[in-house]
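# Structural characterization, general
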Amino acid sequence: MISDADYKAALGFVYKEARLADEARYAEWLALWTDDGVYWVPASTDPAANPDTHISHVYDNRGRIDTRVKLLQTGHRYSQEPASLMRRLISNLEVEPAANGELVAGSNFVLGELAIQAKRELHWWVGRTTHHLRRVDGELRMCLKKVVLVNAAEPLPNLSFLI
Amino acid sequence: MKHRCAANWKALPENDSDGYHLGFVHRALFNTVRSQYQRVVGDERSIKAVIRDWGGGHIEIDWSPGYQGPFEWFGGASGPLVADFVAALECRDGTDVARRRILEGPAHALIFPNLFLGETNIAIVEPVSVEECVHWHTPMFLKGVPAFNGRLLRMAEAGMGPASFLMPEDLTVASRNQLGLHARTAPWLELSRGLNREAVDAHGRTVSHVTDETTNRALWRHYLTVMTDA
């Protein structure tokens, strides 16, 4: 079991992280990561999918997370220039304790993305996110963000925004 | 991995084997990290890569004249695992063939009409409707060298697919071009770049500077031929 305070802290983190991603606030979003952060979007819904043996949509170590954000900040990442207009709804939050005082927060999301870069289509993204959260200097940071889309293995349109 | 695109399928084979768009479309990546493609952007006179028209709509970008060392196509891989691989390759194929292979790397070529040999990936383009297609790809693992699989997976994720650092730009531009094709005021698109400097090599293949539209012309010329004969 975790305390109400930990549950609220995890909920607050997940909401804030979603808002910064939705609003393309790249530098603030990047600051939410620990130095050893891993950002993972499998290309499969199989819970046993292993990124060392199977391809992923995203499997970024911290260096590649930095690169992903730098690209978005160049103004020449044309698939996100201008940035998609996005809002995601988050629910079904469950928070569990993990080793070393970390928290594991699982939540569902529905994300509406107006891909305004070409045909101005509204894309709906649905899935479950797992955040591994660690306190660094008294603040929660994420050391893993895993996003499993319900259509992870289907043909997807551009996913170059922060999901 | 399957990547959906709001453009006619023919836009993607043309894009996969086009050397002219790199410096513009992929500027975000080239301005951010070093990669093997660094040798094909910047001052045109310093770029040594070439394109080839193999006939029958089959076309190729050959980066290798610009490579200065082995494994540039493989992210500059080095270390004991790579040394073991080179030794095994030299044992099997002889030193000269092995050295050429690790310098040149796998092909970057289009087998007409929709099979793309994307260096360390293999891809196909699937038409869905007039203005929609899917780009499928898989990383290419080397037989007997499982130790390279992790690197090949991470390279594939960086280069190809909806969340990668290259293809989203290509498919965005393809979608914008598709919208542009609805315009009625410009009936022709000009693909004349490099017509003044193409050469024919000893094998009868047309070769030109990597930024020339030789590959684009070869693709469309053959498409017209097969569609007209039908």
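As a reminder, the structure under discussion sits directly above these lines.
Report follows, based on the coordinates.

Here is what the cut-offs are and how they apply
Residues numbered from 1 in each chain as written. Chains lettered and ligands numbered in written order. Predicted model: local features only at pLDDT ≥ 70, side-chain atom pairs only at ≥ 80, totals over all residues. Heavy atoms only, no water. Helix = DSSP H or I, 4+ residues; strand = E, 2+ residues; numbered from the N terminus. Rg over C-alpha atoms; globule rule 2.2 N^0.38 Å. Buried < 20%, exposed > 50% of the residue type's maximum accessible area, 1.4 Å probe, protein only. Contact = heavy atoms within 4.5 Å. Lys, Arg positive; Asp, Glu negative; His and termini not counted. Charge placed at Lys NZ, Arg CZ, Asp CG, Glu CD. Polar contact = N/O pair within 3.5 Å; in protein donor to acceptor, adjacent residues only side chain to side chain. Phe/Tyr/Trp six-rings, centres within 6.5 Å; stacked < 30°, edge-to-face > 60°. Lys NZ or Arg CZ within 6 Å of the ring centre and 35° of its normal.

## Some remarks on the overall build of chain A
- Secondary structure assignment for chain A yields three helices and six strands.
- Listing the helices and strands of chain A from first to last along the sequence gives α-α-β-β-α-β-β-β-β.
- A compact globule built from 163 residues should have a C-alpha radius of gyration of about 15 Å, and chain A, at 15 Å, falls within 12% of that.
- By its C-alpha atoms, chain A is 45 × 30 × 30 Å across when sized along the principal axes.
- Per-residue burial for chain A yields a buried fraction of 52% across its 163 residues.
- Partitioning the contacts of chain A with sequence separation of at least 6, the portion at a separation of at least 24 is 59%.
- Charge centroids of chain A, computed over 19 positive and 21 negative side chains, lie 5 Å from each other.

## Brief notes about the side chain of Ser164(B)
- Mapping Ser164(B) onto the fold places it in the loop between helix H6 (149-159) and helix H7 (167-180).
- Among the polar contacts made by the side chain of Ser164(B), one reaches the main-chain carbonyl oxygen of Gly161(B) at a distance of 2.8 Å.
- The residues touching Ser164(B), leaving out its near neighbours within four places in the chain, are Arg77(A), Glu157(B), Ala158(B) and Gly159(B).

## Here we look at the packing of aromatic side chains
All names here are of chain B.
- Under the defined criterion, the tally for this structure stands at 13 aromatic pairs over all chains.
- For the pair Phe74 and Phe148, a centre-to-centre distance of 5.1 Å together with 65° between the ring planes defines the contact as edge-to-face. Residue Phe74 is found in the loop between strand S3 (58-62) and helix H4 (80-93), and its partner Phe148 is found in the loop between strand S7 (132-139) and H6; the two are separated by 74 residues along the sequence.
- The buried category is assigned to Phe74, whose relative accessible area is 1%.
- Arranged with centres 5.1 Å apart and planes meeting at 70°, the rings of Phe85 and Phe148 form a pair that is edge-to-face. With Phe85 in helix H4 and Phe148 in the loop between S7 and H6, the pair connects residues that are 63 residues apart, well separated along the chain.
- Note on Phe85: relative accessible area 14%, which makes it buried.
- Aromatic ring contacts, followed pair by pair, group Phe71, Trp73, Phe74, Phe85 and Phe148 into a single cluster.
- Looking at Arg151, its charged tip hangs above the ring of Phe74, at a distance of 5.4 Å from the centre.

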